[in-house]
Amino acid sequence: MTTEKPTELQYNPQLPLSQALLLPRIVIENTMPVIDGGQFAAKAIEGQAVTVTSKVFADGHDTLAVRVRWRAEADSIWQSEIMTDLGNNAWQGQFSVATPGQYRFCIEAWIDQFASFCHELEKKHAVGVPVSLELQEGRTQVLQAAERSDGHLSEKLAALYHELAGLLEIEQVALFLHPRSAGLMAEADHRPYLSLSPEYPLDVERERAQFASWYELFPRSITDDPARHGTFNDVHSRLAMIQDMGFDVLYFPPIHPIGRRYRKGPNNSLTAGFDDHGSPYAIGGVEGGHEAIHPLLGSREEFRRLVAAATAHGLEIALDFAIQCSQDHPWLAQHPGWFNWRPDGTIKYAENPPKKYQDIVNVDFYASEAIPSLWLELRDIVVGWVKEGVTMFRVDNPHTKPLPFWQWLIADVRALYPEVIFLAEAFTTPAMMARLGKVGYSQSYTYFTWRNTKYELATYLTELNQSPWRECFRPNFFVNTPDINPGFLHDSGRAGFLIRAALATMGSGLWGMYSGFELCESAPVPGKEEYLDSEKYEIRVRDFNAPGNIIAEIAQLNRIRRQNPALHSHLGLQVYTAWNDSILYFGKRTADGSNFILVAVSLDPFNAQEAHFELPLWEMGLPDDAVTQGEDLMNGHRWTWYGKTQWMRIEPWNQPFGIWRITV
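Residues numbered from 1 in each chain as written. Predicted model: local features only at pLDDT ≥ 70, side-chain atom pairs only at ≥ 80, totals over all residues. Heavy atoms only, no water.

Overview of the overall build of the protein
Each helix and strand counted, the protein has 16 helices and 28 strands in total. Its C-alpha atoms give the protein principal-axis dimensions of roughly 100 × 70 × 50 Å. For the protein, the share of sequence-separated contacts (at least 6 apart) that also reach a separation of at least 24 residues comes to 75%. Of the roughly 30,200 Å² of accessible surface on the protein, 52% is carried by carbon and sulfur atoms. Put simply, the protein has 57 plus and 81 minus side-chain charges, and the middle of one group is 2 Å from the middle of the other. (Helix = DSSP H or I, 4+ residues; strand = E, 2+ residues; numbered from the N terminus. Contact = heavy atoms within 4.5 Å. Areas by Shrake-Rupley, 256 points an atom, 1.4 Å probe, with all protein chains shown as cover. Lys, Arg positive; Asp, Glu negative; His and termini not counted. Charge placed at Lys NZ, Arg CZ, Asp CG, Glu CD.)

Brief notes about the sheet that holds strand E6 (residues 84-87)
For sheets, the rule is that strands pair by backbone hydrogen bonds, running either parallel or antiparallel. Pairing is antiparallel in the open sheet, where four strands are placed in the order E1-E3-E7-E6. The strands lining the two open edges of the sheet, one partner per strand, are strand E1 (27-32) and E6. In this sheet, adjacent strand axes meet at a mean angle of 30° when their direction is disregarded. (Pairing = 2+ DSSP bridges. Axes fitted to C-alpha atoms, helices over the stretch in contact; angles between N-to-C directions.)

Here we look at the packing of helix H3 (residues 132-148) against helix H4 (residues 151-165)
Contact geometry for H3 and H4: axes closest at 8 Å, N-to-C directions at 155°. Judged on the interaxial angle alone, H4 and H3 are roughly antiparallel. For the pair H3 and H4, the crossing hand works out as left-handed. Across the interface between the two elements, Arg139, Val142, Leu143, Ala145 and Ala146 from H3 touch Ser154, Leu157, Ala158, Leu160, Tyr161, Leu164 and Ala165 from H4. Residues of the contact of H3 with H4, tallied by class, amount to ten nonpolar, one polar and one charged. (Parallel < 35°, antiparallel > 145°, perpendicular 65-115°, else oblique. Left-handed = near helix turned anticlockwise from the far one by under 90°. Nonpolar A, V, L, I, M, F, W, Y, C, P; charged D, E, K, R; others polar.)

Notes on the UniProt feature "domain: Glycosyl hydrolase family 13 catalytic" (unreviewed entry) in the protein
As recorded in UniProt, the feature "domain: Glycosyl hydrolase family 13 catalytic" (unreviewed entry) lies at residues 216-561. Secondary structure content for residues 216-561 is 32% helix and 12% strand, while the C-alpha to C-alpha distance between its ends is 19 Å. (UniProt positions renumbered as here; feature names shortened; annotations may be inferred.)

Things to note about the packing of helix H2 (residues 113-126) against helix H5 (residues 169-176)
Orientation of H2 relative to H5, taken along the N-to-C sense of each, is 135°, at an axis distance of 10 Å. It follows that H2 is oblique to H5 by the angle criterion. H5 is crossed by H2, and the crossing has left-handed handedness. Of H5, the residues touching H2 (which contributes Phe114, Phe117, Cys118, Leu121 and His125) are Ile170, Val173 and Phe176.

A look at the domain arrangement of the protein
It is common to report an interface's size as the accessible area lost on association of the parts. On domain assignment, one finds that the protein holds domain 1 (28-109), domain 2 (114-188), domain 3 (205-314 + 321-375 + 476-567) and domain 4 (573-663). Using only C-alpha atoms to locate each centre, domain 1 and domain 4 end up separated by 36 Å. (Domains from an automatic or database assignment.)

Observations concerning the UniProt feature "site: Transition state stabilizer" (unreviewed entry) in the protein
UniProt annotation of "site: Transition state stabilizer" (unreviewed entry) refers to Asp483 when read in the numbering used here. Along the chain, the position of Asp483 falls in the loop between strand E19 (476-478) and helix H15 (493-507). If we ignore the near neighbours within four places in the chain, the residues touching Asp483 are Lys355, Glu425, Glu529, Glu530 and Lys536.

Topic: unusual backbone geometry
A cis geometry characterises the amide bond from Met32 onward to Pro33, with omega recorded as 5°. Looking at the secondary structure, you find Pro33 in the loop between E1 and strand E2 (42-45). For the bond from Ile371 to Pro372, the omega torsion is 0°, close enough to zero to count as cis. Examined against the element boundaries, Pro372 turns out to sit in the loop between strand E15 (355-361) and helix H10 (373-386).

Considering the sheet that holds strand E13 (residues 316-321)
Spatially, E18-E17-E16-E13-E12-E11-E20-E19 is the arrangement adopted by the eight strands of the open sheet, whose pairing is parallel. The open sheet is flanked by strand E18 (443-444) and E19, the only strands paired with a single partner. Of the pairings in the sheet, the one linking E13 to strand E16 (residues 392-396) comprises four bridges and is parallel in character. If you follow Ala318 over to E16, its bridge partner there is Met392.

Quick notes on the pattern of salt bridges
Working definition: two side chains of opposite charge can pair if their charged atoms are close together. According to the stated counting rule, one finds 39 salt bridges in the structure shown. For the salt bridge of Arg414 with Glu205, the shortest nitrogen-to-oxygen distance reads 4.0 Å. With Arg414 in helix H11 (residues 403-416) and Glu205 in strand E10 (residues 200-205), this pair connects stretches of sequence that are 209 residues apart. Look at Arg414 and you get buried, because its relative accessible area is 6%. (Salt bridge = Lys/Arg side-chain N within 4 Å of Asp/Glu carboxyl O. Buried < 20%, exposed > 50% of the residue type's maximum accessible area, 1.4 Å probe, protein only.)

Some thoughts on the packing of aromatic side chains
Enumeration according to the criterion identifies 39 aromatic pairs in this entry. Ring geometry for Phe427 against Tyr445: centres 5.4 Å apart, planes inclined by 65°, an arrangement best described as edge-to-face. Of the two residues, Phe427 is situated in the loop between strand E17 (421-425) and helix H12 (430-438) and Tyr445 in the loop between E18 and helix H13 (454-464); the sequence distance between them amounts to 18 residues. The exposure class of Phe427 is partly exposed, given its relative accessible area of 24%. Ring pairs connect the aromatic residues Phe321, Phe365, Tyr366, Trp375, Phe393, Phe405, Trp406, Trp408, Phe422 and Tyr441, which therefore count as one cluster. In this structure, Arg191 packs its charged tip against the face of Trp110, placed 4.1 Å from the ring centre. Between Arg260 and the ring centre of Phe274, over which it is positioned, the NZ or CZ distance is 5.2 Å. (Phe/Tyr/Trp six-rings, centres within 6.5 Å; stacked < 30°, edge-to-face > 60°. Lys NZ or Arg CZ within 6 Å of the ring centre and 35° of its normal.)

What follows is the structure in structure tokens.
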């Protein structure tokens, strides 16, 4: 392996005059959304406005013209929009694109001589300063613009010049300042001292990359008999209820053949009986590997019918992409060079201390025989499932695989199939989680699962709305997973499940739950955040109509999300003041203010909590004594609020949260 020489900074304190003369006169800096100086693409959603900000300034007092430009990666034609001067050298512009894909944008700026002239003319005329010389300079500008223009534009400018020449001074001032004159001169502007920022990448995805509700189930458990393996055909019976609960993504753990050697038994035991089905994450058997389907689940044609039936119910099938192998995986015999073998001929199984996974082994991405064949094989597996109608993938532990691999694979797949969405199941350090978003992951699991106190939640929700997270990371708030039975749920009862559901559904545009959450399943392995009798190791039969379920509440939460655009993203969340450390109070509103949602969640599943709180009237441009209207979106109750300071009482045995729409 070679060691590259570090790149030297190109700073020269003794700048030659020849170079100084070539430097831009106009400064364009601090442009956003930009990730790591443009090394990675910022994220955007099709059809939604991309807000671009920048600091743009120059010497002197001339008026600047600033525009944002954008184009598709494969196009040569740029589109542009005028940016608005926000004051103090800050500029803002917006644009949107209609289709997913890779784009580029940049900022261009130049000195607008005619606008500078008009600004000076208007000021002098207003205070009675003689402007005859300025008017002569203005007419000269119009004449020069006509001479450098062609066709109809030249004719219109020449007509403007002659019209100005025949007017009184006060009439000339009015005509110079008229929008028609400004429009013609802008069209003919030769853009002196034109400066361009670097081009920055932008990754535009479809809406479901930012707004979706995931429901996870094991197809083998859709059965009424633990001795009978569930099938794809059985899953059809669940589609209507999952749709009715408001979910739009149906996610399956691995559906591939499961290895026999070192198969795990119930509760992760090291010894499996002959009838034990093992963990779906021990991928590979005599029937095939990652490209194959477990024969007990059904045929490929039955899988295709399930994908079609799910689509008819408004559900998109997501599959688990877990790059690990059982010790029966065909690759061990076909491609032994893709693995690291010990001197005694054995292979090391996977571990994440204190967890041990004796039933799986990992590939070596940088083994000499794995480059490039393993990388291409994994890419082809993903593409193969895309061709079967799967366009969403939850990726198991991506932080344990090389980042260059993901950067290549995701870009390669999405170049052909820009609709594909990748969800990173990565519970790791913040820097690694952010980096996975930068290299292409559309969504990621989060620390939300372990944020329980008001301080923890408020801090985390605020952090996700700040740079660099907001540009590169879309949080998917899963309330539980087959691997994680959160400690908060172990003894908090039905109220605890409703608390976490409200926080997840209102806190982010993306959320998910693993089957059984709606039934308030919580029995843990003693002392661990793991499920007792985990479905990862055995078939689990459920009565989805069991008493005490929260199915109706989940359906209403998802309905509220769909009906209120302010809730379609984690962005824009603001934590507000409620004088009680057991009540988290926050709000979200659309950019135009037309949809404003307030959420108050009691974090205490056992006791009633009360608090005075502030309505954010200042964000609505209202005085502290304003009258506003409130609506409870869970039950439709309406009322009138008088003033900024209000009072609430939340009783967990009724409903441990409030979701209100505020209007004037």
